[in-house]
Amino acid sequence: MRRDIFQAIADPTRRAIIALIALQAMTPNAIADNFNTTRQSVSKHLRILTECELVKQQQQGREIYYSLEIEKMKEIDMWLNQFRKIWETRFDQLDTVLSTIKKQQK
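Note that the coordinates shown come from a computational prediction; the quantities given were computed from them, not determined experimentally.

Caption draft 1: Looking closely at the pairing of strand 1 (residues 55-60). Relative to strand 2 (residues 63-68), strand 1 runs antiparallel, the two sharing 6 bridges. When the sheet's bridge partners are listed, Q58 is paired in strand 2 with Y65. The hairpin turn running from strand 1 into strand 2, its antiparallel successor, is 2 residues long, and G61 in that turn takes a positive phi close to 65°.

Caption draft 2: Structural context of the packing of helix 2 (residues 12-23) against helix 4 (residues 39-51). Their axes nearest at 10 Å, the elements helix 2 and helix 4 cross at an angle of 75°. Taken as axis vectors, helix 2 and helix 4 run roughly perpendicular relative to one another. Listed contacts from helix 4 to T13, R14, I17 and I18 of helix 2 are V42, H45, L46, I48 and L49. A class-by-class count of the residues in the contact of helix 2 with helix 4 yields 6 nonpolar, 2 polar and 1 charged.

Caption draft 3: Quick look at the environment of R3. Structurally, R3 can be placed in the segment before helix 1 (5-9). Spatially, the C-alpha atoms of R3 and A30 are 25 Å apart, while their sequence positions differ by 27 residues. In contact with R3, other than residues within four places in its own chain, are R47, I48, E51 and C52.

Caption draft 4: Seen up close, helix 5 (residues 70-105). With 36 residues, helix 5 ought to run about 52 Å at 1.5 Å a step, and its terminal C-alpha atoms sit 49 Å apart, in line with that. Along helix 5, the sharpest change in direction is near 30° and occurs at L80.

Caption draft 5: Representation of the packing of aromatic side chains. Under the defined criterion, the tally for this structure stands at 3 aromatic pairs. When the ring of F6 is compared with that of W79, the centres are 5.0 Å apart and the planes differ by 55°; the resulting orientation is tilted. Of this pair, F6 sits in helix 1 while W79 is found in helix 5, placing the two residues 73 residues apart along the sequence. Look at F6 and you get partly exposed, because its relative accessible area is 27%. W79 sits in the partly exposed class, given a relative accessible area of 41%. Residues W87 and F91 carry aromatic rings whose centres are separated by 6.0 Å and whose planes lie at 40° to one another, so their mutual orientation is tilted. Of this pair, W87 and F91 are both found in helix 5, 4 residues apart, which corresponds to roughly one turn of the helix. Residue class for W87 comes out partly exposed when judged on its relative accessible area of 47%. Look at F91 and you get exposed, because its relative accessible area is 53%.

Each value, and the rule that gives it
- Residues numbered from 1 in each chain as written.
- Predicted model: local features only at pLDDT ≥ 70, side-chain atom pairs only at ≥ 80, totals over all residues.
- Heavy atoms only, no water.
- Pairing = 2+ DSSP bridges.
- Helix = DSSP H or I, 4+ residues; strand = E, 2+ residues; numbered from the N terminus.
- Axes fitted to C-alpha atoms, helices over the stretch in contact; angles between N-to-C directions.
- Parallel < 35°, antiparallel > 145°, perpendicular 65-115°, else oblique.
- Contact = heavy atoms within 4.5 Å.
- Nonpolar A, V, L, I, M, F, W, Y, C, P; charged D, E, K, R; others polar.
- Expected span 1.5 Å × (residues − 1).
- Bend = angle between axes of the 7 residues up to and from the residue.
- Phe/Tyr/Trp six-rings, centres within 6.5 Å; stacked < 30°, edge-to-face > 60°.
- Buried < 20%, exposed > 50% of the residue type's maximum accessible area, 1.4 Å probe, protein only.

Put into structure tokens, the structure is as follows:
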């Protein structure tokens, strides 16, 4: 089943997993060691992240390593960018208002 990437990042545990594997590829056990939860719970989160194509699996010998799929993160960034532009415009407008008030007080 293909899931939406925003379903994946909606959960704080999955966001934490993304942050962990952004630094280096990790095994499920290594990931689970960073959480106060069961290995099965972490596996479920990894399955969802894999279904959303935010992480990829790579077999190395007997171990499976999970790493971040950077290209899929760009999709999130593109969506966030529209809001970034709105807030930048609002901050610019606020800066203009504050500058005007400051000049009037002098």
